[in-house]
Amino acid sequence: MHTSRTPRAVVIGAGIGGLTAAAALHTRGWHVTVLERAPSLEPVGAGISLSPNAQRALDVIGLGDEIRARAALQGDAGLLTPGGRWLARTDGAAVAERFGGPLVLLHRATLAGLLAARLPDGALRTGTAARLTDPGDDDRRARVATADGELEADLVVGADGINSAVRSALFPGHPRPAYAGFTTWRVVVPAPERPFPPHETWGRGRLWGTQPLKDGRVYAYASALAPEGGRAPDDEKAELLRLFGTWHHPVPGILAAVAPADVLRHDVRSMTRPLPAYHRGRTALLGDAAHAMTPNLGQGGNQAIEDAVVLAHHAAPGAPATFGAYTRDRLPRTTDIARRSARTGRLAMAGGAPGLLLRQALLTAAGRFAPGLLLRGYAGITDWCPPAPTYAAGTGAEAERQGGHR
């Protein structure tokens with residue numbers, strides 16, 4: 001797009017990926033408009049774990065230090081049995097040393113608010129449904145229809161989530177995300193009086209995770225094998241009590257503090273067949289719209305943040321937008337992570353006796369004899385760096401990695 005005017009980007013969807021893309025493009029000199037169909041920007045009921053790769057991406061837009069200052073640093077953690085026996089432990093210092101920083105956890109609403117604050121006044125339009133009418137090409141701008149009229153853009157970013165209408169418009173024959181075989185619940189409650197280490201607990205076809213937030217609350221999540229579309233006959237708190245009420249501390253106390261109306265339940269779906277590309281014409285996809293994955297590696301939001309920063313890197317104002325380079329950078333990496341996450345999900349949600357015995361033996365051996373094996377599962381994921389150096393490059397191994405992304 002060889003032009004002297006300020007290029008315009010329209011971002012459809014104001015989730016974490018869409019807001020990061022808008023902030024990154026604004027930093028690069030784009031005029032940005034974010035269209036969100038929800039009436040307000042209020043993510044509810046969930047935390048997000050930001051691994052070092054996402055933190056480095058946020059460093060690109062000047063937000064990394066603020067995130068680290070506001071987030072609850074996760075120290076030692078591990079895997080437990082429902083009875084409370086440790087299967088494996090992960091040393092927080094070892095994680096930070098290996099990957100150049102700690103894991104941090106914060107509420108999604110906090111992260112969304114910080115990202116939105118980096119946008120110029122008027123850039124975010126809530127209560128505005130949008131539809132891609134023309135993806136554009138080298139000679140034609142893309143077009144997006146809204147109730148207030150049509151917008152033209154040099155770049156449209158489809159950040160509209162797992163049910164992405166933008167994805168369907170670009171690739172109408174591609175299979176939609178498929179049910180992964182299990183459902184999830186999420187809650188945020190006050191922390192119990194007795195402390196606990198961050199952990200996941202793996203049972204027979206069931207999983208529970210408890211993580212502290214810096215503001216004193218606790219983010220808890222659960223998963224269970226279940227038919228698609230299922231719902232509790234009474235309420236979801238009662239369902240959680242049936243499934244997890246007898247598990248170790250702090251699970252019973254957390255469930256006691258939950259209000260039934262505050263329990264979020266969602267079936268897990270993922271893209272089992274990768275898209276052929278993450279762009280078409282002047283329109284690009286990111287996050288769940290491009291590569292919906294299971295939550296078992298905690299990388300869904302992290303990869304959306306990476307996508308956003310890499311897309312902005314390849315969309316320099318005054319030069320042809322190299323969306324093909326964006327696809328080449330992101331499609332192989334996210335496809336690999338999605339497949340690894342699905343494999344981890346199958347291990348975590350094992351329901352048969354042979355699978356359970358094998359899982360327990362593998363985890364116990366890894367935790368006892370080779371703790372580093374637990375970290376190797378994240379090699380090539382959390383040690384990623386952005387395409388260009390960031391203000392937080394640091395020294396040592398981190399500085400060496402900053403010459404380019406992994």
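Coordinates for the structure precede this section.
Since the structure is predicted, the reported quantities are computational estimates derived from the model, not experimental observations.

## Concerning the overall build of the protein
Secondary structure assignment for the protein yields 14 helices and 19 strands. By residue count, 52% of the 406 residues in the protein fall in the buried class. Here the analysis covers contacts within the protein between residues at least 6 apart in sequence; of these, 73% occur between residues at least 24 apart. A total of about 17,100 Å² of accessible surface is found on the protein, and carbon and sulfur atoms cover 53% of it.

## Let's talk about the sheet that holds strand S19 (residues 283-285)
Spatially, S8-S2-S1-S12-S19-S18 is the arrangement adopted by the six strands of the open sheet, whose pairing is mixed. Sheet topology places strand S8 (124-125) and strand S18 (279-280) at the edges, where each strand pairs with a single neighbour. Sheet topology note: the strand S2 (residues 31-35)/S8 ladder contains two bridges and is parallel. The residue of S8 that forms the bridge with Leu-35 is Arg-125. Most of the contacts of helix H1 (residues 16-27) go to S2, to which it runs at about 170°, and overall it touches strand S1 (8-12), S2 and strand S12 (155-158).

## Details of H1
Taking 1.5 Å per residue, twelve residues should reach 16 Å; H1 reaches 16 Å between its end C-alpha atoms and fits that length. Counting buried positions along H1 gives ten out of twelve residues, so the element sits mostly inside the fold. Within the span of H1, buried status applies to Ile-16, Gly-17, Gly-18, Leu-19, Thr-20, Ala-21, Ala-22, Ala-23, Ala-24 and Leu-25. The secondary structure elements touched by the buried residues of H1 are S1, S2, helix H2 (52-60), helix H5 (108-116), S12 and helix H10 (300-313). Just downstream of H1, Gly-29 is the residue with a positive phi angle, here 100°.

## Let's talk about the pairing of strand S14 (residues 199-202)
Two faces make up the sheet, and in a regular strand the side chains alternate between them. Side-chain alternation along S14 places His-199 and Thr-201 on one buried face and Glu-200 and Trp-202 on a second face that is also buried. Hairpin connection of S14 to strand S15 (residues 206-212): three residues between the antiparallel strands, including Gly-205 at a positive phi of 65°.

## Concerning the packing of H2 against H10
Two numbers describe how H2 lies on H10: the axes approach to 9 Å, and their chain directions differ by 35°. At the point where H2 passes H10, the crossing takes the left-handed sense. The segment H2 lies against H10, with Asn-53, Ala-54, Ala-57, Leu-58 and Val-60 engaging Asn-302, Gln-303, Ile-305, Glu-306 and Val-309. Here the residues of the contact of H2 with H10 are counted per class, giving six nonpolar, three polar and one charged.

## A closer look at the side chain of Thr-184
Its place among the elements puts Thr-184 in strand S13 (residues 178-190). When its relative accessible area of 12% is taken as the criterion, Thr-184 is described as buried. In this view, Thr-184 contacts Ala-222, Ser-223, Leu-264, Arg-265, His-266 and Val-268; residues no more than four positions away in its chain are not counted.

## Points about the packing of aromatic side chains
Across all of its chains, the model carries three aromatic pairs by this definition. Ring geometry for Trp-208 versus Phe-244: centroids 5.4 Å apart, planes at 55°, classification tilted. Pair noted here: Trp-208 is in strand S15 and Phe-244 is in helix H7 (residues 236-244), with a separation of 36 residues, a long-range link. Taking relative accessible area as the criterion, Phe-244 reaches 0% and is therefore assigned buried. On the numbers, 5.6 Å between centres and 40° between planes, the contact of Tyr-219 with Tyr-221 is tilted.

## Observations regarding the environment of Glu-66
The topology assignment puts Glu-66 in helix H3 (residues 64-70). Considered as a pair, Glu-66 and Leu-111 are 45 residues apart in the sequence and their alpha carbons are 9.9 Å apart. Not counting chain neighbours up to four residues away, the residues in contact with Glu-66 comprise Leu-114 and Arg-118.

## Brief notes about the nonpolar core
Across soluble globular proteins, nonpolar side chains have a tendency to be buried as a group. If you look at the biggest cluster of nonpolar residues, it comprises 67 residues, and the most contacted ones within it are Leu-25, Leu-50, Leu-58, Ile-67, Leu-111, Leu-155 and Val-157. Element by element, the count of residues in this core is highest for H1, at seven residues. Discounting chain neighbours no more than four positions away, the residues touching Ile-67 are Leu-50, Leu-58, Val-104, Leu-106, Leu-111 and Leu-114. Counting 18 residues, the second-largest nonpolar core is a separate cluster that includes Trp-208, Ala-220, Ala-222 and Leu-240.

## Focus on the pattern of salt bridges
Oppositely charged side chains are able to pair whenever their charged atoms sit close together. Scanning the model with the defined rule gives 18 salt bridges in all. Here Glu-306 and Arg-330 are joined by a salt bridge, their closest N and O atoms 2.8 Å apart. Placement of the pair is Glu-306 in helix H10 and Arg-330 in helix H11 (residues 323-348), with a sequence separation of 24 residues. The class of Glu-306 is buried, set by a relative accessible area of 0%. Residue Glu-306 pairs with Arg-333 through a salt bridge whose shortest N-O separation is 2.8 Å. Here Arg-333 lies in helix H11 and Glu-306 lies in helix H10, a separation of 27 residues in the sequence. For the pair formed by Glu-306 and Arg-333, the shared burial category is buried. Ionic contacts of the salt-bridge type, sharing partners, join the residues Arg-5, Arg-141, Arg-143, Glu-150, Glu-152, Asp-154 and Arg-282 into one network.

Calculation notes
- Residues numbered from 1 in each chain as written.
- Predicted model: local features only at pLDDT ≥ 70, side-chain atom pairs only at ≥ 80, totals over all residues.
- Heavy atoms only, no water.
- Helix = DSSP H or I, 4+ residues; strand = E, 2+ residues; numbered from the N terminus.
- Buried < 20%, exposed > 50% of the residue type's maximum accessible area, 1.4 Å probe, protein only.
- Contact = heavy atoms within 4.5 Å.
- Areas by Shrake-Rupley, 256 points an atom, 1.4 Å probe, with all protein chains shown as cover.
- Pairing = 2+ DSSP bridges.
- Axes fitted to C-alpha atoms, helices over the stretch in contact; angles between N-to-C directions.
- Expected span 1.5 Å × (residues − 1).
- Left-handed = near helix turned anticlockwise from the far one by under 90°.
- Nonpolar A, V, L, I, M, F, W, Y, C, P; charged D, E, K, R; others polar.
- Phe/Tyr/Trp six-rings, centres within 6.5 Å; stacked < 30°, edge-to-face > 60°.
- Core = buried A, V, L, I, M, F, W, Y, C linked by side-chain atoms within 4.5 Å.
- Salt bridge = Lys/Arg side-chain N within 4 Å of Asp/Glu carboxyl O.

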